[in-house]
Amino acid sequence: MPHASDESRQPLVLLVEDDPQDALIVEELLADSGFAVRLEWVRSVDAARRALRRLRPQCVLLDLGLPDAYEFSALSSVLAEAGDAAVVVLTGLAEEQAGLAAVTAGAQDYLVKGRVEPEWLGRSLRYAMQRKQAEQAAVALHAERMRAKENARLERGLLPTPLLQNMPIEVATRYRASRGSATLGGDFFDVVESDDKAVHAVIGDVCGHGPDEAALGVCLRIAWRALVLSGVTGAALLRRLERILEAERPGGEIFVTMTTLVLEPDQRTLRLWRAGHPGMLLHDGDQVTLADPGQSLALGLPVEADWHQDVLELPEDAGITLYTDGLFERRLPGEPPRWLGEEGLLDLARRHAHLDGEGFLDALLADVESVTAPEAAADDLAVVHLRWKARS
């Protein structure tokens with residue numbers, strides 16, 4: 001006699017059959033087939049739907065001639081509830097064409113009553129379950145490929161190559177999708193050099209996660225580049241971007257935080273405008289400080305905002321690091337709950353102030369991930385490091 005734990009590992013087969021004699025025949029055939037299964041029997045389509053939701057079987061043996069079904073309505077109802085279960089239909093001797101049609105409609109196989117041998121029944125059920133698994137794997141693979149293509153398209157839009165010409169500036173960037181997200185989110189950035197040799201940069205964060213937010217981030221990033229290259233900067237730039245946001249966002253609750261800035265050709269003057277966005281790290285040789293200049297409201301809020309310019313005087317060969325809140329809004333391990341925050345981020349950044357841009361970002365991200373809880377990466381993050389090259 002099989003052990004109870006062995007029975008629990010056996011596939012569960014739901015038999016949907018109104019005729020008790022036919023149900024007994026199926027039970028006996030399965031017992032002689034050598035394929036050990038657990039069998040549940042129901043007599044109607046309605047009972048089958050309830051059993052599918054409650055039991056989640058691996059396979060359904062479905063009689064097409066049920067009294068509460070018409071033509072293929074039984075198959076349609078069962079397929080709608082089957083989920084991961086394979087479906088094998090049972091037909092009468094004169095209904096073999098109906099079995100073929102059922103396979104075309106989504107069943108994994110069909111069997112003709114009166115022609116089924118025990119070994120044949122067991123093999124059909126095994127193959128049907130394997131075929132269902134193969135179909136699901138193929139669907140999942142296709143979805144993953146489509147997701148990867150979508151991510152690649154979104155990434156090209158969100159994370160562009162900096163458009164630089166003559167100015168001696170180094171740019172390093174990083175992006176990390178949230179661990180729970182299959183697609184990129186709405187974090188975006190860009191860096192361009194205008195004809196007057198000023199270097200412009202933006203970093204932004206569309207609230208929410210998913211492809212709609214990512215697409216909106218792409219729209220705003222491209223609009224920002226186009227406006228900057230046409231000579232629009234500062235508060236006027238933010239007003240135009242807010243108009244675009246309000247026209248393109250999928251819902252009125254969507255808002256965007258953003259910092260847009262101009263590094264002047266003298267390499268000492270930084271002009272910036274903050275719309276609800278976090279601060280930045282300022283680099284001076286082997287020193288790093290946290291800059292948190294004045295800011296105004298995020299874009300897209302139902303309040304009229306006026307974005308003010310701040311001017312910072314940079315030391316020679318200075319650098320700045322811009323980031324979205326996904327870099328520092330992370331929980332630290334332990335109780336009571338504590339957060340990394342921008343001050344904690346600054347402590348980590350100071351350890352690596354001597355590194356160049358690429359090395360600094362790699363070390364900083366590694367430290368952030370090592371000191372925060374494993375589940376902390378619930379948000380996307382983007383980081384941009386800009387540093388003037390040392391003058392010879």
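Residues numbered from 1 in each chain as written. Predicted model: local features only at pLDDT ≥ 70, side-chain atom pairs only at ≥ 80, totals over all residues. Heavy atoms only, no water.

Secondary structure assignment for the protein chain yields 10 helices and 17 strands. Taken over the C-alpha trace, the protein chain has a radius of gyration of 31 Å; the compact-globule value for 392 residues is 21 Å, which it surpasses by more than 25%. Expressed as lengths along the three principal axes of its C-alpha atoms, the size of the protein chain is roughly 90 × 45 × 40 Å. Within the protein chain, the proportion of its 392 residues that are buried is 49%. (Helix = DSSP H or I, 4+ residues; strand = E, 2+ residues; numbered from the N terminus. Rg over C-alpha atoms; globule rule 2.2 N^0.38 Å. Buried < 20%, exposed > 50% of the residue type's maximum accessible area, 1.4 Å probe, protein only.)

What follows deals with the packing of aromatic side chains. Throughout the structure, instances matching the rule amount to one aromatic pair. Both rings, one in Y323 and one in F328, keep their centres 5.9 Å apart while their planes meet at 80°; by these two values the pair is edge-to-face. (Phe/Tyr/Trp six-rings, centres within 6.5 Å; stacked < 30°, edge-to-face > 60°.)

Right, let's get into helix α7 (residues 211-229). For an α-helix the count is 3.6 residues per turn, leaving residues at separations of three or four pointing the same way. Between its first and last C-alpha atoms α7 spans 27 Å; for 19 residues at 1.5 Å apiece the expected length is 27 Å, and the two agree. In the stretch just after α7, G231 is the one whose phi turns positive, near 100°. (Expected span 1.5 Å × (residues − 1).)

Membership of the largest hydrophobic core comes to 27 residues, with the highest contact counts inside it found for L241, V256, M258 and L299. For this core, the elements supplying multiple residues, two or more each, are β7 (187-193), β8 (199-206), α7, α8 (234-248), β9 (256-263) and β10 (269-275). What V256 contacts, discounting residues up to four positions off in sequence, is F188, D205, V206, L220, L245, A275, A298 and L299. Residues I203, M280, L314 and V384 belong to the second largest nonpolar core, which totals 24 residues. (Core = buried A, V, L, I, M, F, W, Y, C linked by side-chain atoms within 4.5 Å. Contact = heavy atoms within 4.5 Å.)

On to the pairing of β7, then. For a regular strand, side chains alternate in direction, first toward one face of the sheet and then toward the other. The buried fraction of β7 is high, at seven of seven residues. Here β7 shows a buried face lined by D187, F189, V191 and E193 and a second buried face lined by F188, D190 and V192. Direction of pairing for β7 relative to β8: antiparallel, over a ladder of seven bridges. In the strand pairing of β8, F188 is matched with G204. In sequence, β7 turns back onto β8 through a hairpin of five residues, with K197 there showing a positive phi of about 70°. (Pairing = 2+ DSSP bridges.)

With that out of the way, let us pick up the sheet that holds β9. Here we have five strands laid out as an open sheet, ordered β7-β8-β9-β10-β13, and antiparallel in their pairing. Both edges of this open sheet fall to β7 and β13 (310-313), since each of them pairs with a single strand only. Taking the axes of each pair of neighbouring strands and ignoring which way they run, one obtains an average angle of 15° across the sheet. The strands touched by α7 within the sheet are β7, β8 and β9, with β7 carrying the most contacts at an inclination of about 15°. Against the sheet, α8 makes contact with β9 and β10, and its axis sits at roughly 150° relative to β9, the strand it touches most. (Axes fitted to C-alpha atoms, helices over the stretch in contact; angles between N-to-C directions.)

Glancing now at the pattern of salt bridges. Applying the stated rule across the entire model yields 15 salt bridges. The partner of R49 in a salt bridge is D46, with the nearest N and O atoms 3.2 Å apart. Taken together, the residues R49 and D46, both in helix α3 (residues 45-55) and three residues apart, mark about one turn of the helix. A relative accessible area of 27% places R49 in the partly exposed class. When the shortest N-O distance is used, the salt bridge between R174 and E358 registers 2.7 Å. Here R174, found in strand β6 (residues 169-176), pairs with E358, found in helix α10 (residues 357-371); they are 184 residues apart in sequence, far enough to count as distant. Given a relative accessible area of 14%, R174 falls into the buried group. (Salt bridge = Lys/Arg side-chain N within 4 Å of Asp/Glu carboxyl O.)

This part takes up the confidence of the model for the protein chain. Overall, the prediction assigns the protein chain a mean pLDDT of 87, with 90% of residues at 70 or greater. Confidence drops under pLDDT 50 across residues 1-5; counting only partners more than four residues distant or on other chains, this segment forms one contact. (pLDDT = per-residue confidence, 0-100.)

Cis rather than trans, the peptide bond between E335 and P336 has omega equal to -5°. Tracing the chain through its elements places P336 in the loop between β15 (331-332) and β16 (338-339). A positive phi angle, close to 65°, is found at Q267, a residue other than glycine. Topologically, Q267 is positioned in the loop between β9 and β10. A positive phi angle is found at D317, which is not glycine, with a value near 60°. The topology assignment puts D317 in the loop between β13 and β14 (319-323).

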